[in-house]
Amino acid sequence: MENVPNIPGIEIPFNWAQVLERGTYFPWHRKKVPKNLPKYNIAGPRVYRWVLRRGEEISSVYIGQSEKFEKRLRDYRRPNPYDCDVQAAMRECEAGGGRVELQFLDLGTGSFRINGKLISHTSLSNHDVRMMMESTAIVTARVEGVKLLNHVRDNALVKVMVDLFKQYPETFGPMTAQKKALFEARVAHMIEN
């Protein structure tokens with residue numbers, strides 16, 4: 001893709017900032033927001049991710065977006081069938097000695113533009129901008145090989161290959177999670193190059 005003429009190079013700075021409480025780690029997914037915390041620190045439109053860590057290593061992430069993050073945050077603290085897989089992964093991470101961090105996408109100041117228009121934190125009030133940033137963050141994580149807790153649709157090429165394996169097991173052998181992961185990694189590599 002580097003030698004293709006007339007295609008602009010677009011770089012989106014994905015900086016994630018851990019959401020701290022008084023400068024230290026806080027289990028936002030389990031505890032209520034402290035009453036003395038200024039509401040703007042946690043409220044409003046956000047693109048966010050939950051980072052599940054084992055030591056310094058990131059074991060998995062969940063990426064999302066919300067118009068009113070303070071309300072969305074409450075959903076993670078109570079049983080919720082929509083988030084049950086994410087909640088289970090959070091509990092498992094902590095039971096194994098890991099921790100769950102909340103991070104917000106930090107777009108920086110003046111570093112990201114689309115057709116000359118500045119995309120900044122205030123742009124996140126637009127649903128389409130949040131969805132674009134969430135989707136781009138998910139694609140970036142997949143290309144980087146980060147394990148995602150999101151339920152994302154398969155790449156069309158991967159889907160065709162998986163369907164072929166299922167349709168002709170006598171030729172290709174059974175479809176396994178390992179084979180699917182290899183397809184995804186190969187397709188991600190093709191996209192990068």
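Above this text sits the structure in question.
Anyway, here's the lowdown on the structure attached to this text.

**A closer look at the side chain of R49**
Within the secondary structure, R49 is located in strand β2 (residues 46-54). Of the buried charged residues, R49 lacks a salt bridge, with E144 as the closest side chain of opposite charge at 6.1 Å. A distance of 2.7 Å separates a polar atom in the side chain of R49 from a polar atom in the side chain of Q103. If we skip the residues at most four places from it in the chain, R49 touches W16, V61, Y62, I63, E101, L102 and Q103.

**A closer look at the nonpolar core**
Ranked by size, the top nonpolar core spans 20 residues in total, and within it W28, I42, Y48, W50, L52 and L102 carry the most contacts. Contributing elements (two or more residues each) for this core: β2, α1 (69-77), α2 (84-95) and β4 (99-106). Counting residues per element, this core draws most heavily on α2, which supplies 4 residues. Other than its neighbours up to four places away in sequence, L52 contacts E57, I58, S59, S60, A89, M90, C93, R99, V100 and L149. By size, the runner-up hydrophobic cluster in this structure holds 17 residues, among which are L105, F112, I119 and L148.

**Structural notes on α1**
Looking at α1, one finds that the buried residues are F69, E70, R72, L73 and Y76. Along the axis of α1, the buried residues cluster in a sector spanning 160 degrees; they form a single face.

**As for the packing of aromatic side chains**
Applying the stated criterion across every chain, the model contains 5 aromatic pairs. On the numbers, 4.9 Å between centres and 55 degrees between planes, the contact of Y48 with F69 is tilted. With a gap of 21 residues between them, Y48 in strand β2 and F69 in helix α1 connect regions that are remote in the sequence. The two residues Y48 and F69 agree in class, both being buried. Aromatic side chains Y48 and Y76 sit 6.1 Å apart centroid to centroid with 80 degrees between the ring planes, which places their arrangement in the edge-to-face category. Of this pair, Y48 sits in strand β2 while Y76 sits in helix α1, and the two are 28 residues apart along the sequence. Here the two residues Y48 and Y76 agree in accessibility, since each one is buried. Aromatic rings pair up to connect Y48, W50, F69, Y76 and F104 into one cluster.

Analysis parameters
Residues numbered from 1 in each chain as written. Predicted model: local features only at pLDDT ≥ 70, side-chain atom pairs only at ≥ 80, totals over all residues. Heavy atoms only, no water. Helix = DSSP H or I, 4+ residues; strand = E, 2+ residues; numbered from the N terminus. Buried < 20%, exposed > 50% of the residue type's maximum accessible area, 1.4 Å probe, protein only. Lys, Arg positive; Asp, Glu negative; His and termini not counted. Salt bridge = Lys/Arg side-chain N within 4 Å of Asp/Glu carboxyl O. Polar contact = N/O pair within 3.5 Å; in protein donor to acceptor, adjacent residues only side chain to side chain. Contact = heavy atoms within 4.5 Å. Core = buried A, V, L, I, M, F, W, Y, C linked by side-chain atoms within 4.5 Å. Arc of directions from axis to C-beta. Phe/Tyr/Trp six-rings, centres within 6.5 Å; stacked < 30°, edge-to-face > 60°.

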